[in-house]
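Chain residues, written in single-letter form:
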Amino acid sequence: MGKLLLTGVDGNLGGYAAEVLLTLEEPSQLIFCGYSQQTLDKYAAMGVETRVTNFNSPDGLAEAFAGAERLALISMPFVGAKRQNAHKNVVDAAKQAGVKQIVYTSLVNAGDETNPSVEKKDHIYTEEYIKQAGLDYIFLRNSQYAEAMITNYFTYVKLDGVLKNSQGDGKMAYISRKDCAKAVAYALHRGAEYSHATLDINGPELMTISQFIEYGNQATGNSVRYQEITDEENYQIFDAMGVPRTTDGVFKKDSEAPFSSDGMVTFAQAIREGKMDTFTDDYKKLTGQDPMTVLYMFQHSDEFQIGERHSKDN
């Protein structure tokens, strides 16, 4: 049997997936890929095979993936043609290197053509490209990271106490990024048990943003409330924060919203229109564990902030 290869270990999700995977597999069975050797050195010291990769270019990728039977592709943090091309490079190289199965971090309801999320376009492109390449796969269709909205909640605590966005009464089964990372590790670990599988990685409860805020208030003693605004007003809020409209823009260091506003606003629209309310127990079936609740994350909020953007591409 070939090795298990994890990409993106220098990112937030990939780094935590690496920690979990090391509890499930012997280091000698693993290959970790990342942007910089400095990040990879600590894993090399543990006995993990490490390789520096940049998915924006196909050069050297097939050699970097050599010896891997199963590869986890953590989706790139930029949006649009650049991400699609990077993912294509990975899939092409994986096939050339003899990888049999790809684990890919996708998005809930990615296959719905009526889903307005701009992020969805990249994810369904990648899913379809993996299928066309003839590779086996496990698609992990993740719900929205709870950390993003927890950080957002505290932004409004510091402002006027009125959290504003355009998702209205739409529902989302918010899940911790750490649980999404755990799902990646378990999918690599248990991949032989799955074939051509699409799993929805959801949190334990569907809720509106108003219900999400109530959990925050319960845990922290704050009294934040929700106000629905239009999509255009949502863009204007992010513009005022210095958030770029697309991932081709410039991201401010330590931004409390380290994503493009185009991604966030169309995500809110998708939630409002009921396009993101997928709810299954696939996470528990995969990991054998229950996902963390929003209340728990608020009670330990220092551990559940969105953090810095780690992409080296912008």
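Look up a bit, the structure's there.
Structure report, in brief. Remember, it's a predicted structure, so these values are computed and weren't measured experimentally.

1. Looking at the overall build of the chain
Broken down by element type, the chain carries twelve helices and nine strands. Its C-alpha atoms put the chain at 55 × 35 × 35 Å along the principal axes. In the chain, the proportion of contacts linking residues at least 24 apart, taken out of those at least 6 apart, comes to 75%. Accessible surface computed for the chain: about 13000 Å², of which carbon and sulfur atoms make up 47%.

2. Quick look at the pairing of strand E5 (residues 101-107)
Counting buried residues in E5 gives seven out of seven residues, a clear majority hidden from the surface. Of the two faces of E5, both are covered, the one formed by Gln101, Val103, Thr105 and Leu107 as well as the one formed by Ile102, Tyr104 and Ser106. Judged from the four bridges that link them, strand E4 (residues 68-73) and E5 form a sheet pairing that is parallel. Residue pairing in the sheet places leucine 73 in a bridge with tyrosine 104 of E5. Considered for its hand, the β-α-β crossover made up of E4, helix H4 (residues 81-97) and E5 is right-handed. Note: E5 against strand E6 (residues 136-142), seven bridges, orientation parallel. In the strand pairing of E6, threonine 105 is matched with leucine 140. Tracing the backbone out of E5, into helix H5 (residues 118-132) and back to the parallel element E6 gives a crossover that is right-handed.

3. Looking at the sheet that holds strand E3 (residues 49-52)
Taken together, seven strands build an open sheet; the order of strands is E3-E2-E1-E4-E5-E6-E8 and the sheet is parallel. For this open sheet the edge positions go to E3 and strand E8 (197-201), each flanked by a neighbour on one side alone. Between one strand and the next, the sheet's axes are offset by a mean angle of 20°, whatever the strand orientation. Across the sheet, helix H1 (residues 12-24) is in contact with strand E1 (3-6) and strand E2 (30-34); its angle to E2 comes to roughly 170°. Relative to the sheet, H4 contacts E4 and E5, its axis offset from that of E4 by approximately 170°.

4. So, the pairing of E1
A regular strand carries its side chains on alternate faces of the sheet. Of the strand pairs in this sheet, E1 and E4 are connected by four bridges, and their pairing is parallel. Each residue of the ladder has a partner; that of leucine 4, found in E4, is arginine 70. Pairing of E1 with E2, which is carried by three bridges, proceeds in the parallel orientation. The partner of leucine 5 across the bridge, within E2, is isoleucine 31. With H1 bridging E1 and its parallel neighbour E2, the resulting β-α-β unit is right-handed.

5. A closer look at the packing of aromatic side chains
The geometry of two aromatic rings is summed up by the distance between their centres and the angle between their planes. Applying the stated criterion across every chain, the model contains ten aromatic pairs. Residues phenylalanine 55 and phenylalanine 65 carry aromatic rings whose centres are separated by 6.2 Å and whose planes lie at 70° to one another, so their mutual orientation is edge-to-face. In this pair, phenylalanine 55 is assigned in the loop between E3 and helix H3 (61-64) and phenylalanine 65 in the loop between H3 and E4, connecting sequence segments ten residues apart. A single burial state applies to phenylalanine 55 and to phenylalanine 65, both of which are buried. Look at phenylalanine 154 and phenylalanine 298: their rings are 6.2 Å apart centre to centre, the planes differ by 55°, and that puts the pair in the tilted class.

6. Some details on the layout of surface pockets
Space inside the largest pocket adds up to approximately 200 Å³. What lines the largest pocket is a set of 16 residues, among which Gly11, Asn12, Gly15, Tyr16 and Glu19 lie closest to the centre. Broken down by element, the residue count for the lining of the largest pocket peaks at four residues, all from H1. Here the residues of the lining of the largest pocket are counted per class, giving four nonpolar, five polar and seven charged.

7. Here's the deal with the environment of aspartate 136
By secondary structure assignment, the location of aspartate 136 is in strand E6. When its relative accessible area of 17% is taken as the criterion, aspartate 136 is described as buried. Separated by 35 residues in sequence, aspartate 136 and glutamine 101 have C-alpha atoms that sit 4.5 Å apart. Polar side-chain contacts of aspartate 136 include one of 3.2 Å to the side chain of glutamine 101.

How each quantity is defined
- Residues numbered from 1 in each chain as written.
- Predicted model: local features only at pLDDT ≥ 70, side-chain atom pairs only at ≥ 80, totals over all residues.
- Heavy atoms only, no water.
- Helix = DSSP H or I, 4+ residues; strand = E, 2+ residues; numbered from the N terminus.
- Contact = heavy atoms within 4.5 Å.
- Areas by Shrake-Rupley, 256 points an atom, 1.4 Å probe, with all protein chains shown as cover.
- Buried < 20%, exposed > 50% of the residue type's maximum accessible area, 1.4 Å probe, protein only.
- Pairing = 2+ DSSP bridges.
- Right-handed = clockwise from strand over helix to strand, strands pointing away.
- Axes fitted to C-alpha atoms, helices over the stretch in contact; angles between N-to-C directions.
- Phe/Tyr/Trp six-rings, centres within 6.5 Å; stacked < 30°, edge-to-face > 60°.
- 1 Å grid on protein atoms, 1.4 Å probe; cavity = no way out; pocket = protein on both sides within 12 Å on 5 of 7 lines; lining within 4 Å.
- Points joined across faces, edges and corners; volume = space filled by probe spheres on them.
- Nonpolar A, V, L, I, M, F, W, Y, C, P; charged D, E, K, R; others polar.
- Polar contact = N/O pair within 3.5 Å; in protein donor to acceptor, adjacent residues only side chain to side chain.

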